[in-house]
Amino acid sequence: MLIAHITDLHLRQEGELAFMEKIDTAERLARTVDFLNEFRPRPDLVLATGDLVDFGKVEEYRNLRRVLDRLAIPVYLIPGNHDHRDNLRAVYADHTYLPKSGFLHYVIEGHPVRLIGLDTLDPGKVTGLMCPERLAWLDARLGEAKDKPTLVFMHHPPYSVGIAQMDSYGCIGGEAMGSVVGKHPQVERVVCGHLHRATTRRWNGTVVSSTPATAPEILLNIHNGGIWGWGETPPFVGFYLWQDGGIVSHLTQVDPRVSPHAFPPKKA
Ligand SMILES: [Fe+2]
Ligand SMILES: [Fe+2]
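Here's what I pulled together on the structure shown here. From a predicted model like this one, the values you see are computed outputs, not experimental measurements.

Rules and cut-offs
- Residues numbered from 1 in each chain as written.
- Chains lettered and ligands numbered in written order.
- Predicted model: local features only at pLDDT ≥ 70, side-chain atom pairs only at ≥ 80, totals over all residues.
- Heavy atoms only, no water.
- Donors = N, O, S within 2.8 Å, 3.2 Å for Na, K, Ca; no water.
- Tetrahedral: all angles 85-135°; square planar, octahedral: opposite > 155°, others 65-115°.
- Axes fitted to C-alpha atoms, helices over the stretch in contact; angles between N-to-C directions.
- Helix = DSSP H or I, 4+ residues; strand = E, 2+ residues; numbered from the N terminus.
- Parallel < 35°, antiparallel > 145°, perpendicular 65-115°, else oblique.
- Left-handed = near helix turned anticlockwise from the far one by under 90°.
- Contact = heavy atoms within 4.5 Å.
- Nonpolar A, V, L, I, M, F, W, Y, C, P; charged D, E, K, R; others polar.
- Core = buried A, V, L, I, M, F, W, Y, C linked by side-chain atoms within 4.5 Å.
- Buried < 20%, exposed > 50% of the residue type's maximum accessible area, 1.4 Å probe, protein only.
- Phe/Tyr/Trp six-rings, centres within 6.5 Å; stacked < 30°, edge-to-face > 60°.
- Expected span 1.5 Å × (residues − 1).
- Arc of directions from axis to C-beta.

The next subject is the coordination of the iron ion (ligand 2). Those protein atoms acting as donors to the iron ion (ligand 2) are Asp51 (OD), Asn81 (OD1), His155 (NE2) and His194 (ND1), and they sit at 2.1 to 2.3 Å. Seen from the iron ion (ligand 2), its 4 donor atoms lie at angles of 88 to 157°, and the figure they make is irregular. Every donor residue of the iron ion (ligand 2) comes from the same chain, spaced as D-x29-N-x73-H-x38-H. Taken as a pair, the iron ion (ligand 2) and the iron ion (ligand 1) lie 3.6 Å from each other and share Asp51 as a ligand.

Set out below in structure tokens:
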């Protein structure tokens, strides 16, 4: 099984630039869609982990559809802090895995790896939230299939990363979520977005990681040692390959400047 992961798309309405009105996030997503459509082997599905649009507006979700509907692989959406639950639901009414009310949580069954999407959105806040209701939902879902390898995907990382500003915009209740996950050793991986950067750590008996955005990156600024800002890196895609009883992850950039050079055939 091959899972592709895109995150932090930050689309605006058609024709509008994002990131201080400098970046065409729709064009970056379009490039990413082309890359995924051409990628072999073809991923079984794509996870899109929030900040799908910039202001949660219906017109922005329509623009998202205009670009993302060209993806020839099933895509599963969860919200981030820039999203709006009901506007997302309204524009994606045909995405029947999305619950009709309440949190946008769901489980994807029928694959070698069970996938659980978590909604960390706390409306009006940049921080995420795993409240008691969401923790109980996660605990119950994990309790249903204790022997099935599971990947949890969410927007806000439930761990701190040493970038002070991003840590202040972290996931409230992340530690409590760790206690829930720690009871369920079948959780192979928790994957997140929000940081616009790649991070990994060991966490409560599993591995947690974040994938860089299709939008620009947040600059690496550990303990305020650098610039708090962003840089125009290429869009990134994460891949999770279920192989030999484990999930191995890959990150790759979507950059036409990286031209492929095949190694010559091995000499006999
Ligand atoms: Fe973001
Ligand atoms: Fe975010």
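The next point concerns the packing of helix H4 (residues 132–144) against helix H6 (residues 174–182). Put simply, H4 and H6 touch, their axes get as near as 10 Å, and they point 15° apart. With respect to their mutual orientation, H4 and H6 come out roughly parallel. Crossing of H4 against H6: the hand is right-handed. On H6, the residues touching Leu135, Leu138, Asp139 and Leu142 of H4 are Ala176, Met177, Val180 and Val181. Here the contact of H4 with H6 is composed, by residue class, of 7 nonpolar, no polar and 1 charged.

A few words on the nonpolar core. Soluble, globular proteins show a tendency: their nonpolar side chains are buried together. Ranked by internal contacts, the top residues of the largest apolar core, which has 46 residues, are Leu64, Leu68 and Leu151. For this core, the element with the highest residue contribution is helix H1 (residues 25–38), accounting for 5 residues. Apart from residues lying up to four places away in sequence, Leu68 is in contact with Ile6, Leu29, Val33, Val75, Leu77 and Tyr92. The next biggest cluster of nonpolar side chains, apart from the first, holds 18 residues, and it includes Tyr159, Val187, Val190 and Trp203.

Attention now goes to the packing of aromatic side chains. Per the counting criterion, the structure on display carries 7 aromatic pairs. Considering the side-chain rings of Tyr76 and Tyr97, the 4.8 Å spacing of their centres and the 55° angle between planes classify their relative orientation as tilted. Here the residue Tyr76 occupies a position in strand E3 (residues 75–78), and Tyr97 occupies one in the loop between helix H3 (85–91) and strand E4 (106–108), the gap between them amounting to 21 residues. By relative accessible area, Tyr97 is classed as buried at 18%. Relative to Tyr106, the ring of Tyr76 has its centre 6.3 Å away and its plane inclined at 35°; by these criteria the two rings are tilted. With a gap of 30 residues between them, Tyr76 in strand E3 and Tyr106 in strand E4 connect regions that are remote in the sequence. The buried category is assigned to Tyr76, whose relative accessible area is 16%. Using a relative accessible area of 4% as the deciding quantity, one classes Tyr106 as buried. Counting every residue linked through ring pairs, the aromatic cluster contains Tyr76, Tyr97, Tyr106 and Phe153.

Cis peptide bonds are those with omega within 30 degrees of zero, and the linkage from Arg40 to Pro41 qualifies with -5°. Position of Pro41 among the secondary structure elements: in the loop between H1 and strand E2 (45–49). Residues other than glycine seldom take positive phi values, yet Asp244 does so here, at roughly 50°. Tracing the backbone through its elements, the reader meets Asp244 in the loop between strand E14 (236–243) and strand E15 (246–253).

To continue, consider H4. Relative to the 18 Å expected for 13 residues at 1.5 Å per residue, H4 spans 19 Å between its end C-alpha atoms, a close match to the ideal helical length. When we look at burial in H4, the residues that qualify are Arg134, Leu135, Leu138, Arg141 and Leu142. Along the axis of H4, the buried positions cluster into a sector of 130°, meaning they face one direction only. Those residues of H4 that are exposed and angled more than 90 degrees off the buried face are Pro132 and Glu133.

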